[in-house]
Amino acid sequence: MIKKSHFRRSLVQFRTHPLRTALALLGMVLGVSSVVGMVSIGEGAQREIIASIEALGGDVVHIKAKDIPDERITEIVNDSRGLNRNDILALQATVPGLGESTYARWTNLGVSDLPTATYNVKIVAAEPRLFEIHKLKVVQGRALQQLDQQFQRKVVVLGSELAARAYAGNALGKRIRLGYAYFEVVGVLAAKKSGGDLPLDPELYNRSVIVPYNTAIEEIAVADAYKELDVISFRVESLGQTLIAKRAIGPVLKALHGGVTDFEIIAPEEILEKKRSTQAILNVVLISIAAISLIVGGIGVMNIMLANIMERISEIGLRRAVGASRREIRNQFLIESVIICFVGGAIGVVFGFVISFLVGWGFDLQVAFAWEAMVVSFGLSVAVGVVFGSWPAIRASQVNPVEALQHG
Amino acid sequence: MTAHIALTGITKTYRRGADEVPVLNGVDLEIQRGERVAIMGRSGSGKSTLLNILGCLDEPSSGGYLLDGVDVAHLPDDDLSKVRNRTFGFVFQAFHLLKGMTIVENVELPMEYSNVSEKDQRHRALELLELVGLGHRVSHRPSELSGGERQRVAIARALANRPSILLADEPTGALDTRAQVAILELLTQIHASLGTTMIIVTHDPKVAEELGDRTIRISDGRVET
Ligand SMILES: Nc1ncnc2c1ncn2[C@@H]1O[C@H](COP(=O)(O)OP(=O)(O)OP(=O)(O)O)[C@@H](O)[C@H]1O
Ligand SMILES: [Mg+2]
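The following paragraphs examine the structure supplied in this document. None of the values given here were measured: they were computed from a predicted structure. (Residues numbered from 1 in each chain as written. Chains lettered and ligands numbered in written order. Predicted model: local features only at pLDDT ≥ 70, side-chain atom pairs only at ≥ 80, totals over all residues. Heavy atoms only, no water.)

## Description of the interface of chain A and chain B
Then step 1. Counting residues at the interface gives 27 residues for chain A, matched by 22 residues for chain B.
Then step 2. Counting each side, the surface lost to burial between chain A and chain B is near 2300 Å², with a carbon and sulfur contribution of 52%.
Then step 3. Put simply, the parts of the chain that give the side of chain A that touches chain B at least two residues each are α1 (4-16), α11 (313-321), α12 (326-363) and α14 (401-406) of chain A.
Then step 4. Take the side of chain A that touches chain B: its biggest share by element is seven residues, from α1(A).
Then step 5. Classifying every residue of the side of chain A that touches chain B gives eight nonpolar, eight polar and 11 charged. (Contact = heavy atoms within 4.5 Å. Buried area = accessible area lost by both parts, 1.4 Å probe. Helix = DSSP H or I, 4+ residues; strand = E, 2+ residues; numbered from the N terminus. Nonpolar A, V, L, I, M, F, W, Y, C, P; charged D, E, K, R; others polar.)

Put into structure tokens, the structure is as follows:
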């Protein structure tokens, strides 16, 4: 039976051997904080993957035109007209489950009077639903609207980085020249986070000038000899439908394009699965490292408990003489190691969160403070206390009291 | 009336590798309630071994042990521990106080293993320290006490659960003459007031004379007659 006096005894013991207790604690603190750190970083990576997928809309299938080298174009130009607006209608007619659609074409910025370097700046000729479907948030002014498209209004929305560089936050209402026409800036986008290695990097929008598609065709001559569009996006019911849609679209579109695969279909579900499986391998590595450090911590506790017992052998003899049974001696030492592991675990959880926060901050990784991680590491540390405390405790209980009393 | 303690044909043999070392070869002994017995004998004759068997701290190799008519020679550990806790009080030559605790906590120790509430433990311990003349030093550490004072604490501890038998192995062996006298007086006084049965191992005839109603001698592993 476990009594209050067990805890009091342990406290006496810790008070009389502060250094030894601190060392045992340290091992557990390091072990548990590495578990918490590893899990937080792993969990953070997981969430980052999901966030990057969400950045382009999780329930959207994108069809992206492949870059075809010029010499190949002459070869296939008679078979395929490249990605074009007719594809949208044809796909919606044949593939079930495709919802709202949008499309865009992007080209490098040519002649312009933007007061900043225009290297790498893109003109995105967009059908206005692009804002909604690609999750482009407007922080100043407004997004492009169907009327802009319908009446070929000369209005643009600027990407966040471009607006900041060119107009230091005062882009609204400015007139800019693109090609041979003047446009009014009606909106500025919120910054998009990079999707890492996504095939369709949302960061592109940060350095872009978004123009209604019809206006761009008319006024800036963004047309291409071969393809009409760079991207078509369809909304589907959910993330889980994207891969099914991809499989259905593929053959239909290939047939439409005369058997030429001059496009690439991006299904968020597929990307997510790929990234998850790489992450899963990494997680196994992280967790193994954490488990090893926890075991090392446990061995430290065991070591110190054994040293403890050697030193306190005459105490064990005396306690047996005044009436402690083997079971009570065992419980006493077991409780001592569980307390060390419990307290070490508590400090370790806090420490682990601090460390993972610092690592996340220092290396610009996302970390997630998972509740589960805390509960699991806490439980683990108590389990370590029991597992690694058992053997020393059993040894203590089997000490012969007569011999023990002959020591000191 | 059955004897408080009755040993019949107790033997104890230690095994040292392949060798067998016989220490006790058939001890017969009866002790009545309230009696004071001094055990004497050469060094190595087996006095401590006998005392440990009497106190249920060690098991005999063979023989019978009746405590108030109950066979306690081969009980399970839990039961033996209970018997030690309730019936016996041990006093050692080397005191065996726990140095991390105050002396009042040391006296409470046997009560931790019986069902005494914490409040009653403290009350009883203070009462006992008063009895042995250390009521003014209850929160001191054993290291701050003289040898004689430490042995008083140990005696207070031995009495904590109101044992019917006090076992003392050379209780004055580590003390100077003046402290010895004081301890002997204390034990005599305890016997007079509580009527505790006392079994005292000593090599000092004066101690045996003073404390023993009866003295037994051990030689060749037997009680000399
Ligand atoms: N654990 C043991 N293993 C082997 N032999 C032992 C053990 N304990 C005691 N002995 C032997 O048993 C014999 C009796 O020991 P015991 O301690 O009972 O003697 P004693 O009469 O108390 O002596 P002293 O007066 O020196 O205290 C000794 O010869 C001792 O060497
Ligand atoms: Mg002896």
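That was the structure; now back to the text.
## Overview of the pattern of salt bridges
When their charged atoms lie close together, side chains carrying opposite charge are able to pair.
Then step 1. Counted according to the given criterion, the structure contains 29 salt bridges over all chains.
Then step 2. In this structure, B:R15 engages B:E20 in a salt bridge whose closest nitrogen and oxygen atoms are separated by 2.5 Å.
Then step 3. Judged by relative accessible area, B:R15 falls into the exposed class, the value being 64%.
Then step 4. Owing to a relative accessible area of 47%, B:E20 belongs among the partly exposed residues under this scheme.
Then step 5. What emerges from the salt-bridge pattern is a single network uniting A:R312, A:E315, A:R319, A:E336 and B:E112. (Salt bridge = Lys/Arg side-chain N within 4 Å of Asp/Glu carboxyl O. Buried < 20%, exposed > 50% of the residue type's maximum accessible area, 1.4 Å probe, protein only.)

## Focus: unusual backbone geometry
Then step 1. One non-glycine residue, A:K135, lies in positive phi territory at about 55°.
Then step 2. Non-glycine residue B:E170 carries a positive phi angle of around 50°.
Then step 3. Inspection of the secondary structure assignment puts B:E170 in the loop between β7 (165-169) and α6 (177-194).

## Points about the side chain of A:Q279
All names here are of chain A.
Then step 1. With respect to the secondary-structure elements, Q279 resides in helix α10 (residues 268-311).
Then step 2. Looking at Q279, the relative accessible area reads 9%, which means it is buried.
Then step 3. Excluding its chain neighbours within four sequence positions, the residues that come into contact with Q279 are G42, A45, Q46 and I49.

## Quick word on the site of ligand 1
Then step 1. Looking at ligand 1, the residues that line it are A:E403, B:Y14, B:R16, B:V23, B:R42, B:S43, B:G44, B:S45, B:G46, B:K47, B:S48 and B:T49.
Then step 2. Looking at the residues close to ligand 1, they fall on chains A and B.
Then step 3. Contact distances for ligand 1 include 2.8 Å between an oxygen atom and a backbone N or O atom of B:G44.
Then step 4. Bound to the protein, ligand 1 loses 69% of the 630 Å² it would expose on its own.
Then step 5. Mapped by element, the contributors of at least two residues to the shell around ligand 1 are β1 (5-16) and α1 (47-54) of chain B.
Then step 6. The element best represented in the shell around ligand 1 is α1(B), accounting for three residues.
Then step 7. Looking at the shell around ligand 1 residue by residue, the class counts come to two nonpolar, six polar and four charged. (Near = heavy atom within 4 Å. Polar contact = N/O pair within 3.5 Å; in protein donor to acceptor, adjacent residues only side chain to side chain. Areas by Shrake-Rupley, 256 points an atom, 1.4 Å probe, with all protein chains shown as cover.)

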